[in-house]
Amino acid sequence: QVQLVESGGGLVQPGGSLRLSCAASRLTFSSYTMSWYRQAPGKERELVATISAAGSSTNYADSVKGRFTVSRDNVKNTVYLQMNSLKPEDTAVYYCSAAFYFTTYWGQGTQVTVSS
């Protein structure tokens with residue numbers, strides 16, 4: 001059974017940084033496009049960042065460009081989201097996903113709260 005386990009969330013002050021990790025198991029990690037999504041209370045889930053299977057291509061939501069960086073380690077089967085200059089509006093549950101053709105797997109999410 002495929003598992004995606006996020007970690008690294010928490011409470012941080014505005015302007016601070018967090019690094020999220022998503023460890024994958026029981027899948028051929030290097031074949032999957034990995035993405036980070038987030039969902040704030042009362043809002044729909046939105047795409048934050050995507051990284052290609054080989055890690056050669058990335059895309060970001062306009063709201064996080066220049067502040068967030070997605071990366072992956074295909075040896076450790078882990079994808080990361082470095083979040084800098086955090087704002088209160090970044091508060092959400094962050095989810096990682098693994099996609100390959102018509103198959104998508106999701107993690108359970110990790111809470112990020114940006115507040116003073």
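Residues numbered from 1 in each chain as written. Predicted model: local features only at pLDDT ≥ 70, side-chain atom pairs only at ≥ 80, totals over all residues. Heavy atoms only, no water.

**Q** Got a minute to help me understand the overall build of the protein in this structure?
**A** Along the protein, the regular secondary structure elements total zero helices and 11 strands. Listing the helices and strands of the protein from first to last along the sequence gives β-β-β-β-β-β-β-β-β-β-β. Each principal axis of the C-alpha atoms in the protein carries an extent, and together these give about 40 × 25 × 25 Å. For the protein, the residues scored as buried account for 41% of the 116 residues in total. (Helix = DSSP H or I, 4+ residues; strand = E, 2+ residues; numbered from the N terminus. Buried < 20%, exposed > 50% of the residue type's maximum accessible area, 1.4 Å probe, protein only.)

**Q** What am I meant to see in the state of the cysteines here?
**A** Defined simply, a disulfide is a covalent bond joining two cysteines at their sulfur atoms. Evaluation of the coordinates by the stated rule reveals one disulfide. Linked covalently through their sulfurs, Cys 22 and Cys 96 form a disulfide whose S-S length is 1.9 Å. Around the S-S axis, the bridge from Cys 22 to Cys 96 shows a dihedral of about 40° and counts as right-handed. Of this pair, Cys 22 sits in strand β3 (residues 18–25) while Cys 96 is found in strand β9 (residues 92–100), placing the two residues 74 residues apart along the sequence. By the burial criterion, Cys 22 is buried, and Cys 96 matches it. (Disulfide = S-S within 2.5 Å.)

**Q** What should I look at first to understand the sheet that holds strand β7 (residues 68–73) in this one?
**A** Pairing within the open sheet is antiparallel, and its four strands lie in the order β1-β3-β8-β7. Both edges of this open sheet fall to β1 (3–7) and β7, since each of them pairs with a single strand only. Averaged over all pairs of adjacent strands, the angle between strand axes in this sheet comes to 15°, irrespective of strand direction. Relative to strand β8 (residues 78–83), β3 runs antiparallel, the two being bridged by six bridges. Note on β8: the bridge partner recorded for Leu 18 is Met 83. (Pairing = 2+ DSSP bridges. Axes fitted to C-alpha atoms, helices over the stretch in contact; angles between N-to-C directions.)

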